[in-house]
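Chain residues, written in single-letter form:
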Amino acid sequence: AKKAGNAPVQWFYNALEAELRYRCEMEMALRDAVAKDALEPYYEQQVDLDSGEIRGFEMLARWHSSQFGQVPPDIFIAIAEETGLIDRLSEQLIAKALRHAASWAPHLTLSVNISPVQMRDPWFAQKLLKMLVAANFPPQRLEVEITESGLHQNIAMAHALVTSLRNQGIKVTLDDFGTGYSSLGQLRRLPFDRIKIDRSFVMAMGEDANCRVIVEAIALLGRGLGLPVIAEGIETPAMLDSLRGMGDFKGQGYLYGRPQNATTTHALLAERGLL
Ligand code: C2E
Ligand code: CA
Ligand code: CA
Ligand code: CA
C-alpha cells in the first residue's frame with residue numbers, strides 16, 4: 001500500500017528529471033551551436049501598407065539543431081538569456097545580418113531584436129557601433145526593437161541605452177506595444193522613434209471589435225506623438241484593409257511572406273530591383 005501511495009510522487013520525479021535532462025541537453029547543443037557560429041539570421045519584410053513597397057526587414061534568429069530539429073527562437077533565446085549565451089549569440093547574428101543588409105538597396109532598413117538581458121550591458125551601444133563600422137553599414141539604417149517587458153527592471157539604464165543608440169543615429173522601436181503592464185508609461189519615459197503594434201491585436205481585429213478599437217487608438221496615438229507605427233502579424237487581405245483605413249503606416253506579416261534566409265531574401269530583392 002505504501003509503495004502504491006508513492007507512485008505518483010515517483011512519477012513526478014521521473015518526469016521532472018526527464019525535463020531537466022532535456023533542457024540540459026538543449027543547453028549544451030546551443031552552447032555548441034554558438035561556439036560554431038551556426039545560428040542563422042532570417043528576414044521578414046517590412047512593407048509600406050499603402051504602396052506595398054518593401055521598406056526593410058526584421059532579422060529573426062533561426063537555429064536548426066541536428067538533435068532537436070528546428071527550435072523556436074522563443075525557446076532558445078530564453079535559454080541563451082539564462083545561461084549567459086545571449087550576448088555572443090546576438091552579436092554573431094547581428095554581424096551576419098549587417099553583412100547581408102550591406103548588399104541591399106541603400107534605402108532599406110534592418111531591424112534587430114534586443115533582449116532585456118543585453119540592455120544591462122553598459123557597453124552594448126559601443127559594441128553595436130563597432131559592428132556597424134566593421135560592416136560599413138550606416139547607423140541610420142539600423143533599427144533596434146526593444147520589448148516592453150525588458151524595460152521595467154531598470155528604467156535608468158534603459159534610458160541611457162535608448163539615448164545613446166539614438167545619439168548614434170540608430171532608430172529605437174518599442175516592440176510588442178500594448179502587451180506590457182505600462183505601455184503608455186514607457187512611451188512617456190523613454191524617447192522611442194517608433195511603435196510596433198503587437199500581433200495579438202492585429203490578428204484578433206477580425207473577430208473582436210474591441211481589438212479594432214485598440215489598434216485604431218494606437219494608430220492615433222502614434223500620429224499624435226509623431227511616432228511612426230508599424231503593425232505586425234498581418235496574415236489576411238482583410239487585416240491589411242482595416243489597417244490601411246487607419247492611417248499611413250508600415251506593416252509585416254505572413255501576407256507578405258514568411259521570414260526567409262539570406263539567399264532567398266537576396267533573390268527577392270534582385271527580382272524587385274532592390275539591390
Ligand atoms: P517578435 O519580435 O515579436 O517577432 C515576430 C514573430 O512573429 C516572429 O516569430 C515572426 O516569425 C512571427 N510572425 C511574423 N509575421 C507573422 C504572422 O503574420 N502571423 C504569425 N502568426 N506570426 C508572425 P519568431 O521568429 O518565432 O520569433 C519569436 C520571438 O523570438 C520574436 O518575437 C522575438 O521576441 C524573439 N527573437 C527572434 N529572434 C531574436 C533575436 O535575434 N534576438 C532576440 N533577443 N530575440 C529574438
Ligand atoms: Ca505610405
Ligand atoms: Ca520584434
Ligand atoms: Ca510581437
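Residues numbered from 1 in each chain as written. Chains lettered and ligands numbered in written order. Predicted model: local features only at pLDDT ≥ 70, side-chain atom pairs only at ≥ 80, totals over all residues. Heavy atoms only, no water.

Participant: Describe the coordination of the calcium ion (ligand 3), with residues and values.
Facilitator: Of the protein atoms, only Glu58 (OE), Asn113 (OD1), Glu145 (OE) and Asp175 (OD) coordinate the calcium ion (ligand 3), at distances of 2.2 to 2.4 Å. Within one chain, the residues donating to the calcium ion (ligand 3) are spaced in sequence as E-x54-N-x31-E-x29-D. A separation of 5.4 Å is found between the calcium ion (ligand 3) and the calcium ion (ligand 4). With Glu58 in strand β2 (residues 54–65) and Asp175 in strand β6 (residues 171–177), this pair connects stretches of sequence that are 117 residues apart. Taken individually, Glu58 and Asp175 each receive the classification buried, so the pair is uniform in this respect. (Donors = N, O, S within 2.8 Å, 3.2 Å for Na, K, Ca; no water. Helix = DSSP H or I, 4+ residues; strand = E, 2+ residues; numbered from the N terminus. Buried < 20%, exposed > 50% of the residue type's maximum accessible area, 1.4 Å probe, protein only.)

Participant: So what about the pattern of salt bridges? Which residues, and what values?
Facilitator: By the definition in use, this model includes 16 salt bridges. Measuring nitrogen to oxygen at the nearest pair gives 4.0 Å for the salt bridge that ties Lys196 to Glu232. Remark: Glu232 occurs in the loop between β8 (229–231) and α9 (237–244) and Lys196 occurs in strand β7 (residues 194–197); sequence separation between them is 36 residues. Its relative accessible area of 10% is what places Glu232 among the buried residues. Several salt bridges converge on common partners, so that one network encompasses Glu58, Glu145, Lys196 and Glu232. (Salt bridge = Lys/Arg side-chain N within 4 Å of Asp/Glu carboxyl O.)

Participant: Mind laying out the coordination of the calcium ion (ligand 2), listing which residues take part and the relevant values?
Facilitator: Around the calcium ion (ligand 2), the protein contributes the donor atoms Asp48 (OD), Asp48 (OD), Asp50 (OD) and Asp248 (OD), which lie 2.2 to 3.1 Å from the metal centre. Mapped onto the sequence, the residues coordinating the calcium ion (ligand 2) show the spacing D-x1-D-x197-D. Assessed through its relative accessible area of 12%, Asp48 is described here as buried. Classification of Asp50 by relative accessible area gives partly exposed; the value is 42%.

Participant: Lay out the site of ligand 1 with the relevant residues and their values.
Facilitator: The environment of ligand 1 is formed by 22 residues, the closest being Glu44, Arg62, Arg199, Glu235 and Tyr254. Between ligand 1 and the protein, one listed contact pairs a nitrogen atom with a backbone N or O atom of Ala61 at 3.0 Å. When the free accessible area of ligand 1 is taken as 800 Å², the share hidden by the protein chains comes to 87%. Contributions of two or more residues to the shell around ligand 1 are made by β2, α2 (73–83), β4 (109–114), β6 and α7 (199–204). A per-element tally of the shell around ligand 1 places β2 first, with four residues. Residue composition of the shell around ligand 1, by class: nine nonpolar, four polar and nine charged. (Near = heavy atom within 4 Å. Polar contact = N/O pair within 3.5 Å; in protein donor to acceptor, adjacent residues only side chain to side chain. Areas by Shrake-Rupley, 256 points an atom, 1.4 Å probe, with all protein chains shown as cover. Nonpolar A, V, L, I, M, F, W, Y, C, P; charged D, E, K, R; others polar.)

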